[in-house]
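Coordinate analysis (summary)
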Amino acid sequence: MAQVGHTLVEVEKLAWEGAYIHLPAVFTTGQMPDTPSSFYPIPPAEGTLLARVSSIAAVAAVGLEAVSYGSENRGELFVNLAVMPGEGVYADKSRKSMKGHTDAVSFPVRGTHDALRNELAPSPDFVCLAGLRNPDGVHTTVMPLADVLAKLRPEDILELKKPQFIIRSQATFREGMLKILGEEHIVDGGEFLFEVNGQTWVRFSHSSAGVDDEEGPGAAAIEAFVNACRDSTSAVQVAPGDVLLVNNRLALHGRSAVGGEPGGQSRWILRSYGLVTAGLSERQRGDGPLHMLFP
């Protein structure tokens, strides 16, 4: 708190009212193994332990519980974000730049329920990124929703609040969805913008968003939203020892292209999620470890 010049109360307020909080140099990495080339497991080392402890402390400091979802990466609480070897969806995606999105986009936002499956837990309130390596200075990109909305016409905002969109699960959730639900979770008739306690919240993913009428006002609103996101991008370097908390309700996030080869000293970030869990039902909690939500 002293490093960022704020009290804990001030940091919590900033986190809930803004797009992100960047906490620089909150832990030391020490000696670490080569960067892994898969989402899990997390290699045991002083640096990875301190990154995990710091992440849990950071989300707890703003009133959250560290959570995962059983349908993504076996429900691991932390996953490695690193360049992956070979070819295929995950390998290609690990190298390319990523457009703005919110995580667990097909899940309901907190305070709402999925129209067909009440047992689905809400998407995370925050995405937590802990830096372990970033030799090429790759940027995490953040698109504050307030900046995006300021570039939209009122009629486009209204369209984005209508329950008319098709929202697919993001790629990392699909295999787990098939195992747990027997099918991929798809929202048919969902909103991208929500009014919650005086704030406008968002869920959106460029790769998972669609609408039946591709010539109608809903499609035009998506295009306007995408363009506004492109023009509302802030860049943050998550350096070793940094923690970045991205508000998954008030911002979209992405990434610039990642260079280098898998393993070795290539870019390595640990990602986790934070959620206000008060009010979750037993079914939303699931029957696995306490941190692992359904599905």
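See above for the structure.
Let me begin by describing the structure that accompanies this report. (Residues numbered from 1 in each chain as written. Predicted model: local features only at pLDDT ≥ 70, side-chain atom pairs only at ≥ 80, totals over all residues. Heavy atoms only, no water.)

The subject of this paragraph is the packing of aromatic side chains. Using the criterion set out here, one finds 8 aromatic pairs in the structure. A centroid spacing of 5.4 Å and a plane angle of 70° characterise the contact between F107 and F173, whose relative ring orientation is edge-to-face. Of this pair, F107 sits in the loop between β4 (98-101) and β5 (126-133) while F173 sits in helix α6 (residues 171-181), placing them 66 residues apart in sequence. Across the pair, F173 and F107 agree in class, each one buried. An aromatic cluster is built from Y69, F107, F173 and Y273, whose rings are joined through pairwise contacts. (Phe/Tyr/Trp six-rings, centres within 6.5 Å; stacked < 30°, edge-to-face > 60°. Helix = DSSP H or I, 4+ residues; strand = E, 2+ residues; numbered from the N terminus. Buried < 20%, exposed > 50% of the residue type's maximum accessible area, 1.4 Å probe, protein only.)

Spatially, the 3 strands line up as an open sheet ordered β8-β7-β11, and their pairing is antiparallel. Looking along the sheet, the strands with just one partner apiece sit at the ends: β8 (186-190) and β11 (209-211). Strand-to-strand twist across the sheet, computed as the mean angle between neighbouring axes with direction ignored, equals 25°. Here strand β7 (residues 165-168) runs beside β11; their pairing, made up of 3 bridges, is antiparallel. Within β11, the residue paired with F165 across the bridge is V211. (Pairing = 2+ DSSP bridges. Axes fitted to C-alpha atoms, helices over the stretch in contact; angles between N-to-C directions.)

Once that is clear, we can look at the layout of surface pockets. Rolled over the atoms, a probe with the dimensions of a water molecule shows which regions are left empty. Its boundaries defined by the atoms lining it, the largest pocket holds a volume of some 760 Å³. Lining the largest pocket are 37 residues; nearest its centre among them are K93, M98, H101, T172 and R255. Elements with a contribution of two residues or more to the lining of the largest pocket: β3 (79-82), α3 (89-95), β4, β5, α6, β14 (251-255) and β15 (268-275). The computed volume of the second largest pocket comes to approximately 330 Å³. Along the wall of the second largest pocket there are 21 residues; nearest its centre are H113, D114, A115, L116 and V187. For the lining of the second largest pocket, the element with the most residues is β8, which contributes 5 residues. (1 Å grid on protein atoms, 1.4 Å probe; cavity = no way out; pocket = protein on both sides within 12 Å on 5 of 7 lines; lining within 4 Å. Points joined across faces, edges and corners; volume = space filled by probe spheres on them.)

Another aspect to go through is the environment of V236. Within the secondary structure, V236 sits in strand β12 (residues 234-237). Linking V236 and G137, residues 99 residues apart in sequence, is a C-alpha distance of 9.3 Å. Not counting residues up to four positions away in its chain, the partners in contact with V236 are Y20, H22, V138, H139, T140 and L244. (Contact = heavy atoms within 4.5 Å.)

Here S272 shows up in strand β15. In sequence terms S272 and G63 are 209 residues apart; their C-alpha atoms lie 15 Å from each other. The contact partners of S272, leaving out residues within four places of it in the chain, are S55, L77, F78, F126, V127 and C128.

Attention now moves to the nonpolar core. Core analysis: the largest hydrophobic core is formed by 24 residues, its most contacted members being V62, L132, V243, L245 and L270. At the level of elements, α1 (8-17), β1 (20-23), α2 (46-61), β5, β13 (243-247) and β15 are the ones that each hand at least two residues to this core. Of the residues forming this core, the biggest block, 4 residues, is contributed by β5. Setting aside its immediate chain neighbours within four residues, L245 contacts A19, Y20, I21, A58, V59, V62, F126, V127 and C128. (Core = buried A, V, L, I, M, F, W, Y, C linked by side-chain atoms within 4.5 Å.)

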